[in-house]
Amino acid sequence: MDLWISILLFATISAVGAAYALRARSTGRLQSARLDEVGASAFLGPGPREAFYWAIGPAACLLVRMRATPDAVTLGALGVGMLAAVALVTGHDGVGAALLAASCAGDALDGRVARERGVACAAGEVVDAVADRYQEMLVLGALVLRFRHDVATLSLAVAALCGAVMVSYVTAKAEAMGLDPPRGTLRRAERATAREHGQRSSSG
C-alpha cells in the first residue's frame, strides 16, 4: 500500500506541475503578493511555489465559502501531521508522506483563508507558528524513534530536529530585537519538501 500511495503522490505532484506549466504558458504566471514576500531560495525556486499556491486555490475558496476559521484550519493541519508521525514511526512511509503533504497544504491554507476573509492577526500567526513547530517536532521525533538503532540515520534525524527548532528560534529572536533576519535556504517549505523526499526514498 505504501508503494502505491507514494506513486500516487508523485503522480499528483507531477500532474500539478504540468498543469501549472500549461497555465503559465497560456495565461501567464501566478501573481501573488504573498509569494513575492516569501521569495524563492536556492533549493525551491519560484515555479514550484507558484504551482503549489495555484493548486490550493480551490480548497482555499471552498474553506472561505464555508466560513472556516484560520485557527480551525491550523489545528486540522496539525492533527493530520500527528497522523503522519504515527504512520512514520510504524514504518508506513508512503502513508506518512501523503499525510505530511496534506498537513503542509493545510499550513499554507490557514494563512490564505485568514487573508481572504480579512481576519489575519498577530495572535493567529502565533498559533500557526506554534502548530508548525509541534508538527515538525512530532514528525522528526517519530523518525528519531524509528531509527533509534541506526546511529547514522538517527544522527541525521536529531540534527534535522535541532535545525528546525533553531531556525525558527533565531528568526523570532532577531525579529523581537528589531533585527532583519537573513533569508535562509532551509525555510519551512524546503524542510517539508526534504522530509517528503526522504520518506519516499526510504519507502522505495
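Residues numbered from 1 in each chain as written. Predicted model: local features only at pLDDT ≥ 70, side-chain atom pairs only at ≥ 80, totals over all residues. Heavy atoms only, no water.

Enquirer: Give me the lowdown on the overall build of the protein, citing residues and values where you can.
Expert: Within the protein, the regular secondary structure consists of 9 helices and 0 strands. Secondary structure elements of the protein, listed N to C terminal, follow the sequence α-α-α-α-α-α-α-α-α. By residue count, 36% of the 204 residues in the protein fall in the buried class. A separation threshold of at least 6 residues defines the contact pool for the protein, and within that pool the share at least 24 residues apart is 75%. When the accessible surface of the protein is split by element, carbon and sulfur atoms take 69% of a total near 11600 Å². (Helix = DSSP H or I, 4+ residues; strand = E, 2+ residues; numbered from the N terminus. Buried < 20%, exposed > 50% of the residue type's maximum accessible area, 1.4 Å probe, protein only. Contact = heavy atoms within 4.5 Å. Areas by Shrake-Rupley, 256 points an atom, 1.4 Å probe, with all protein chains shown as cover.)

Enquirer: Any details on helix α6 (residues 93–117)? Residues and values, ideally.
Expert: Over its 25 residues, α6 runs 36 Å from end to end, which matches the ideal 36 Å to within 8%, given 1.5 Å per residue. With 18 of 25 residues buried, α6 is to be regarded as a mostly interior element. Phi for Gly118, located one or two positions after α6, is positive at around 70°. (Expected span 1.5 Å × (residues − 1).)

Enquirer: Outline the side chain of Arg112, listing residues and values.
Expert: With respect to the secondary-structure elements, Arg112 resides in helix α6. In terms of polar contacts, Arg112 uses its side chain to reach the backbone carbonyl oxygen of Tyr53, at 2.5 Å. (Polar contact = N/O pair within 3.5 Å; in protein donor to acceptor, adjacent residues only side chain to side chain.)

Enquirer: So what about a nonpolar patch on the surface? Which residues, and what values?
Expert: Among the surface-exposed residues, Met82, Val126, Val130, Tyr134, Met137, Leu138, Val165, Met166, Tyr169 and Val170 lie close enough to one another that they form a single nonpolar patch of about 890 Å² accessible area. Looking at the nonpolar patch, the elements with two or more residues in it are α7 (122–146) and α8 (151–176). Relative to the assigned elements, Met166 resides in helix α8. (Patch = residues over 30% accessible without salt bridge, like charges linked within 9 Å, V, L, I, M, F, W, Y side chains within 5 Å. Salt bridge = Lys/Arg side-chain N within 4 Å of Asp/Glu carboxyl O.)

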